[in-house]
Amino acid sequence: MAKDSIKVGDTVAITATIRKRVTEDRVSVLIPSYHQPHSIVDMSPNISSGQKIELTGEVLRVDEDTVTVGGKDLGITVKRSAVKLVTSYVPPKRKAPLIDKAAGCR
């Protein structure tokens with residue numbers, strides 16, 4: 001992946017692997033390059049261990065080789081190689097100029 005391809009505000013996806021069901025509404029997932037236990041809310045009854053799931057979130061910070069992703073179930077820092085770009089951020093366009101028009105010059 002090119003170094004400038006991911007920037008703050010982009011929507012990215014991380015492919016995680018289901019480890020086990022923790023409670024009736026939460027499952028434990030294994031996230032590549034994230035070496036901490038993590039669980040997400042998942043109410044679907046047909047989840048099995050080893051199944052792949054895609055987690056999406058917004059990029060909050062970009063460093064040399066890591067990306068911090070935040071979202072509903074995320075708030076993690078992973079390597080750039082673990083994420084893939086879903087949607088690139090496009091800043092909103094201005095509808096009115098920032099400078100007021102001159103009412104009359106004297």
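Thresholds, definitions, all that
Residues numbered from 1 in each chain as written. Predicted model: local features only at pLDDT ≥ 70, side-chain atom pairs only at ≥ 80, totals over all residues. Heavy atoms only, no water. Core = buried A, V, L, I, M, F, W, Y, C linked by side-chain atoms within 4.5 Å. Buried < 20%, exposed > 50% of the residue type's maximum accessible area, 1.4 Å probe, protein only. Helix = DSSP H or I, 4+ residues; strand = E, 2+ residues; numbered from the N terminus. Contact = heavy atoms within 4.5 Å. Pairing = 2+ DSSP bridges.

1. Overview of the nonpolar core
And then number 1: Membership of the largest hydrophobic core comes to 21 residues, with the highest contact counts inside it found for Ile14, Val29, Ile31, Val69, Ile76, Val78 and Val83.
And then number 2: Going through the elements one at a time, β1 (11–21), β2 (26–30), β4 (52–62), β5 (66–70) and β6 (75–79) are the ones with two or more residues in this core.
And then number 3: A per-element tally of this core places β1 first, with 4 residues.
And then number 4: With near-sequence residues (within four places) excluded, Val69 lies in contact with Val12, Ile14, Gly57, Glu58, Leu60, Leu74, Gly75, Ile76 and Val83.

2. Details of unusual backbone geometry
And then number 1: Not every positive phi belongs to a glycine, and Ser33 is a case in point at roughly 65°.
And then number 2: Checked against the element boundaries, Ser33 lands in the loop between β2 and β3 (38–41).

3. As for the pairing of β5
And then number 1: Counted residue by residue, β5 has 4 buried out of 5 residues, so it is predominantly covered.
And then number 2: The pairing of β4 with β5 spans 4 bridges and is classified as antiparallel. Paired with Arg61 across the strands is Thr68, a residue of β5.
And then number 3: Taken together, the 5 bridges between β5 and β6 define a ladder with antiparallel strand orientation. Residue pairing for β6: Thr66 is matched across the bridge by Lys79.
And then number 4: In this antiparallel pair of consecutive strands, β5 and β6, the connection spans 4 residues.

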